[in-house]
Amino acid sequence: MKTTSRLLLTGLVTTLLTQCGDKELSPNEKMSQATFIKAMESYETAPAAVPAPTGDALANPTKQQDKPVLGTENAVLTDAPNVPPPITRDHPTKVTIKLEVVELVKRMADGVDYTFWTFGGSVPGKFIRIRQNDEVEFHLMNRPDSKMPHNIDLHAVTGPGGGAAASFTAPGHASVFSFKALNPGLYVYHCATAPVGMHVANGMYGLILIEPIGGLPKVDKEFYVFQSEFYTKGPHGEAGLQPFSMEKALTEIPDYVVFNGSVGAMAGDNAVQAAVGEKVRLFVGNGGPNLVSSFHVIGEIFDNVYLEGGAKPAQHQVQTTMIPAGGSAIVEFGLEVPGTYILVDHSIFRAFNKGAVGMIKVSGPENKLVYSGKQDDRIYQMEGSTIQSIAQASTQQAPAANKEERIARGKMLYTSICMACHQPEGQGIPKAFPPVAKSDYLNADPKRAIATVLHGLQGKVTVNGETYESIMPQLGLNDEQVANALTYVYNNWGNNGTEVLPAMVKEVRATVPPPATAPGAH
Ligand SMILES: [Cu+2]
């Protein structure tokens, strides 16, 4: 770019930054000269042919000037967490969308299956991305092996039922209807065939993004995140194929609350990836059927929130945004510090007990000024402290079939419960938490180790020559869980490979009394 035009642009951006409310950038975005130049560059590459919408045009987008409809294309559809590429056209077009309804059995959680009804074979349904004023020809196909008729109500449609009646499709049939995407925004779509609640509860929802004229500002990464809840006959964790429970759906107390259709769909190995310095945009939907989401990313602050999925960023510096059932939000944030950022519904039991946890893993250089990490750690104990009890919901999962499965399940338990104290590689923390890696205490006596995990431990204990005088709480785990966690520990980090079986835990539970200081130990 020539210097003169860059100067002009700098002036323009400065004006925008200081004067124009709608285009106001958040402090994060203003932070450095580099960001500033970047902002200018994105202005340069943004489609410039169409004037930015004015307040009035946004209030009634049908009044907005646009180019004539030109050409045809097939919409690109994606499964979560992916979204189709941004629309680069500077004009509307005729778009064909083909969506297939599939009823199929899939994983809900480890050991738990569910018969999902889906738009496109996955929960949530395919992400659809088109442009304002596009003319859509919508094809809904219902597979011949379906048991139910289905239809689609797109909240982006202006017209009765959002397309529901026009798209009603029996198994083995296909329906077609058309609509014009008058309004920009992020919209939920869902099945609206009776009983509507049941079709939604079984997974029939997804998102359609109508990009505004001129497009959305450029970001580095975009992801599709969809919250919903499931009501099963058995309680959370009960193994096997779980049928839908109408009774629980009516009382609105779900067994599972999840992001992207199943427990862990966006966590652990399924976490999405990004890098320090990148700007991330999440398209977040909530299918309900009943719950309102208090959407939060642990360790981040949203620079911009397009509240309720509307067409413009209406708020900056937001910690938690509410997403109604059948609604959405677009959130954007820059990444300053590496690490794992956890997506939750901050109605927090839903997150850590019912499944509503997702993860963004961010790589890149540390920024100790923004976040130091742990700088000091010393023991802090109140006088007269005693073993405390952390009650855990006992899961009803079928017992592990073999040692391998026991280790895999133990790893999950270790990660969610033990790791906070004993650390990721079992190395412990000097003077506070003894190591479980290469631990002589552990390897010498499995029964003693079982008793430790069953009942907690308090008082002097010597591990690898170091003395610890701390407290391990009583964790309230069942026999299977204790067996799995310890087998995982015994088979890692230089330990002796013991397999702890639930029967051994049962025996210790029956014969080794809890320490006298534990609550309820008389
Ligand atoms: Cu349906």
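Remember, predicted model here, so these are calculated numbers, not experimental data. (Residues numbered from 1 in each chain as written. Predicted model: local features only at pLDDT ≥ 70, side-chain atom pairs only at ≥ 80, totals over all residues. Heavy atoms only, no water.)

Would you mind showing me how to read the overall build of the chain here?
The helix and strand inventory of the chain stands at twelve helices and 24 strands. Within the chain, the fraction of its 522 residues that count as buried is 46%. Accessible surface computed for the chain: about 24900 Å², of which carbon and sulfur atoms make up 57%. (Helix = DSSP H or I, 4+ residues; strand = E, 2+ residues; numbered from the N terminus. Buried < 20%, exposed > 50% of the residue type's maximum accessible area, 1.4 Å probe, protein only. Areas by Shrake-Rupley, 256 points an atom, 1.4 Å probe, with all protein chains shown as cover.)

Looking at this model, I keep getting lost on the coordination of the copper ion. Mind explaining?
The textbook angles at a metal center are 109.5 degrees for a tetrahedron of four donors and 90 or 180 degrees for an octahedron of six. Around the copper ion, the protein contributes the donor atoms His-150 (ND1), Cys-191 (SG), His-199 (ND1) and Met-204 (SD), at 2.0 to 2.5 Å from the metal centre. All donors of the copper ion come from a single chain, and their spacing in sequence reads H-x40-C-x7-H-x4-M. Of this pair, His-150 sits in the loop between strand E6 (135-142) and strand E7 (153-154) while His-199 is found in helix H5 (residues 196-201), placing the two residues 49 residues apart along the sequence. Grouping residues by exposure puts His-150 and His-199 together as buried. (Donors = N, O, S within 2.8 Å, 3.2 Å for Na, K, Ca; no water.)

I keep staring at the confidence of the model for the chain and nothing clicks. Help me out?
When pLDDT drops low, the exact placement of atoms in the prediction is not to be read closely. Within the chain, residue pLDDT values average 86, and 84% of them lie at 70 or more. Contacts for the low-pLDDT stretch residues 391-395, under 50 throughout, to residues beyond four places or in other chains number nine contacts. (pLDDT = per-residue confidence, 0-100. Contact = heavy atoms within 4.5 Å.)

Please explain the side chain of Asp-255 as it appears in this structure.
Along the polypeptide, Asp-255 turns up in the loop between helix H6 (246-251) and strand E13 (256-259). A residue is classified by how much of its surface remains accessible, and Asp-255, at 9% relative accessible area, is buried. A distance of 2.9 Å separates a polar atom in the side chain of Asp-255 from the backbone nitrogen of Thr-232. With residues up to four places along the chain from it excluded, the contact list for Asp-255 reads Phe-230, Tyr-231, Thr-232, Gly-234, Pro-235, His-236, Lys-248 and Lys-354. (Polar contact = N/O pair within 3.5 Å; in protein donor to acceptor, adjacent residues only side chain to side chain.)

So what exactly am I meant to see when it comes to the pairing of strand E11 (residues 221-230) here?
Burial analysis of E11 places nine of its ten residues in the buried class, which makes it a mostly covered element. Across eight bridges, the pairing between E11 and strand E15 (residues 279-288) is parallel. The residue bridging Glu-222 from the neighbouring strand is Arg-281, located in E15. Alignment of E11 against E13, held across four bridges, turns out to be antiparallel. Across the sheet, residue Glu-229 finds its bridge partner in E13, namely Val-257. (Pairing = 2+ DSSP bridges.)

Could you clarify how one ought to interpret the pairing of strand E5 (residues 127-131) in this entry?
Both faces of the sheet carry side chains from a regular strand, because those side chains alternate between them. In terms of burial, E5 is a largely internal element, five of the five residues being buried. Neither face of E5 is exposed, since Phe-127, Arg-129 and Arg-131 on one face and Ile-128 and Ile-130 on the opposite face are all buried. Bridge count for strand E2 (residues 77-78) against E5 is two bridges, and the pairing is antiparallel. Note on E5: the bridge partner recorded for Leu-77 is Ile-128. Looking at chain direction, E5 and strand E10 (residues 205-211) are connected through four bridges and run parallel. Each residue of the ladder has a partner; that of Arg-131, found in E10, is Glu-211.

Can you help me understand a nonpolar patch on the surface in this one?
On the surface, Ile-298, Ile-348, Phe-349 and Phe-352 cluster together to form a nonpolar patch covering roughly 410 Å² of accessible area. Topologically, Phe-352 is positioned in helix H7 (residues 349-354). Given the relative accessible area of 52%, Phe-352 is considered exposed. (Patch = residues over 30% accessible without salt bridge, like charges linked within 9 Å, V, L, I, M, F, W, Y side chains within 5 Å. Salt bridge = Lys/Arg side-chain N within 4 Å of Asp/Glu carboxyl O.)

Looking at this structure, how should I read the sheet that holds E2?
Within a sheet, adjacent strands bond to each other through the backbone by hydrogen bonds, running parallel or antiparallel. Ordered in space as E2-E5-E10-E9-E7, the five strands form an open sheet in which the pairing is mixed. Each having just a single partner strand, E2 and E7 make up the two edges of the open sheet.

How do you make sense of the side chain of Ser-146 when you look at a structure like this?
Following the sequence through the fold, Ser-146 ends up in the loop between E6 and E7. Among residues more than four places away in sequence, those in contact with Ser-146 are Val-101, Glu-103 and Pro-171.

Quick question: what am I supposed to make of the sheet that holds strand E22 (residues 357-363) here?
Pairing is mixed across the open sheet formed by five strands, whose spatial order is E14-E22-E21-E16-E19. Of all the strands in the sheet, just strand E14 (272-275) and strand E19 (320-323) have a single pairing partner and so form its edges. Put simply, the sheet's adjacent strands are angled 25° from each other on average, direction ignored. (Axes fitted to C-alpha atoms, helices over the stretch in contact; angles between N-to-C directions.)

Help me understand the packing of helix H10 (residues 446-455) against helix H11 (residues 479-490) in this model?
To characterise two packed helices, one gives the angle between the axes of the helices and the distance between these axes. At a minimum axis distance of 10 Å, the contact between H10 and H11 shows a crossing angle of 125°. Here H10 is positioned oblique relative to H11, judged by the angle of their axes. Pair H10 / H11 crosses with right-handed handedness. Residue-level inspection shows Pro-446, Ala-449, Ile-450, Val-453 and Leu-454 of H10 in contact with H11, the latter providing Val-482, Leu-486 and Tyr-490. (Parallel < 35°, antiparallel > 145°, perpendicular 65-115°, else oblique. Left-handed = near helix turned anticlockwise from the far one by under 90°.)

In this structure, what is going on with the environment of Val-305? I would like to understand it.
Here Val-305 shows up in strand E17 (residues 302-306). The buried category is assigned to Val-305, whose relative accessible area is 0%. C-alpha separation for the pair Val-305 and His-316, spaced eleven residues apart in sequence, amounts to 6.3 Å. Other than its neighbours up to four places away in sequence, Val-305 contacts Lys-312, Pro-313, Ala-314, Gln-315, Val-318, Thr-321, Ile-330 and Val-331.

How should unusual backbone geometry be read in this particular structure?
Peptide bonds are mostly trans, and most non-glycine residues show a negative phi. The linkage connecting Ala-194 with the following residue, Pro-195, adopts the cis geometry, with an omega of -10°. Look at the link from Gly-288 to Pro-289: it is a cis peptide, with omega at 15°. As for its position among the elements, Pro-289 is in the loop between E15 and strand E16 (293-298). Look at Asn-133: it is not a glycine, yet its phi comes out positive at around 75°. One can find Asn-133 in the loop between E5 and E6. A positive phi angle, close to 50°, is found at Asn-464, a residue other than glycine.

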